[in-house]
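# Remarks on the overall topology
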Amino acid sequence: MAQTGAASLIGELHLERGLAFSFTRRDADPERACRDLVLVIETLAARPGLDAALEAATARLEEQGDEAAFQEQQRLRMARDEADRQLAALMEGDVE
């Protein structure tokens, strides 16, 4: 699952545009590069847990079909999508 998540996103963006993480550029501000590196590591480290929680919520929704399971699934999807957007912005050097 993780292979189709953040790792896939990184691969796609790298092939399309090259990586522009601040910490890969020689002219980057050291404080920003350090902050961005921490954000990337935290985002990638959280992704497997987020994917597993989403998978579990989806299974509960399929089994139980209740509103709470649906809400949890939607919350986790939004969190995953936001993490992907954050990672993409960091890859493009758009996060200040």
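The structure we're discussing is the one just above.
Structure report, in brief.

Cut-offs and rules
Residues numbered from 1 in each chain as written. Predicted model: local features only at pLDDT ≥ 70, side-chain atom pairs only at ≥ 80, totals over all residues. Heavy atoms only, no water. Helix = DSSP H or I, 4+ residues; strand = E, 2+ residues; numbered from the N terminus. Contact = heavy atoms within 4.5 Å. Areas by Shrake-Rupley, 256 points an atom, 1.4 Å probe, with all protein chains shown as cover. Phe/Tyr/Trp six-rings, centres within 6.5 Å; stacked < 30°, edge-to-face > 60°. Buried < 20%, exposed > 50% of the residue type's maximum accessible area, 1.4 Å probe, protein only. Expected span 1.5 Å × (residues − 1). Core = buried A, V, L, I, M, F, W, Y, C linked by side-chain atoms within 4.5 Å.

### Points about the overall build of the protein chain
- Of regular secondary structure, the protein chain possesses three helices and zero strands.
- Its helices and strands in sequence order give the protein chain the pattern α-α-α, from N to C terminus.
- Taking the contacts inside the protein chain whose residues are at least 6 apart along the sequence as the reference set, 63% of them involve residues at least 24 apart.
- Roughly 6200 Å² of accessible area belongs to the protein chain as shown, and the carbon and sulfur atoms make up 55% of that amount.

### Some words on the environment of Leu54
- Checked against the element boundaries, Leu54 lands in helix 2 (residues 30–64).
- Setting aside residues no more than four positions away along its own chain, Leu54 makes contact with Gln73, Leu76, Arg77 and Arg80.

### Re the packing of aromatic side chains
- For the coordinates displayed, the defined rule picks out one aromatic pair.
- On the numbers, 4.7 Å between centres and 15° between planes, the contact of Phe21 with Phe23 is stacked.
- Assessed through its relative accessible area of 5%, Phe21 is described here as buried.

### Re helix 3 (residues 67–92)
- For helix 3, built from 26 residues, the straight-helix expectation of 38 Å at 1.5 Å per residue is met to within 8% by its first-to-last C-alpha distance of 37 Å.
- Of the residues making up helix 3, those classed as buried are Ala69, Gln73, Leu76, Ala83, Asp84, Leu87, Ala88, Ala89, Leu90 and Met91.
- Positive phi appears at Gly93, one or two residues downstream of helix 3, with a value of about 75°.

### Quick notes on the environment of Arg77
- Examined against the element boundaries, Arg77 turns out to sit in helix 3.
- For the pair Arg77 and Glu55, spaced 22 residues apart in the sequence, the C-alpha separation amounts to 10.0 Å.

### Some thoughts on the nonpolar core
- Ranked by size, the top nonpolar core spans five residues in total: Phe21, Val40, Leu87, Leu90 and Met91.
- Sorting elements by how many residues they give to this core places helix 3 first, with three residues.
- Excluding residues that lie within four positions of it along the chain, Phe21 makes contacts with Val40, Leu87, Leu90 and Met91.

So, to be careful, I would describe these as geometric facts and stop short of saying anything about function.
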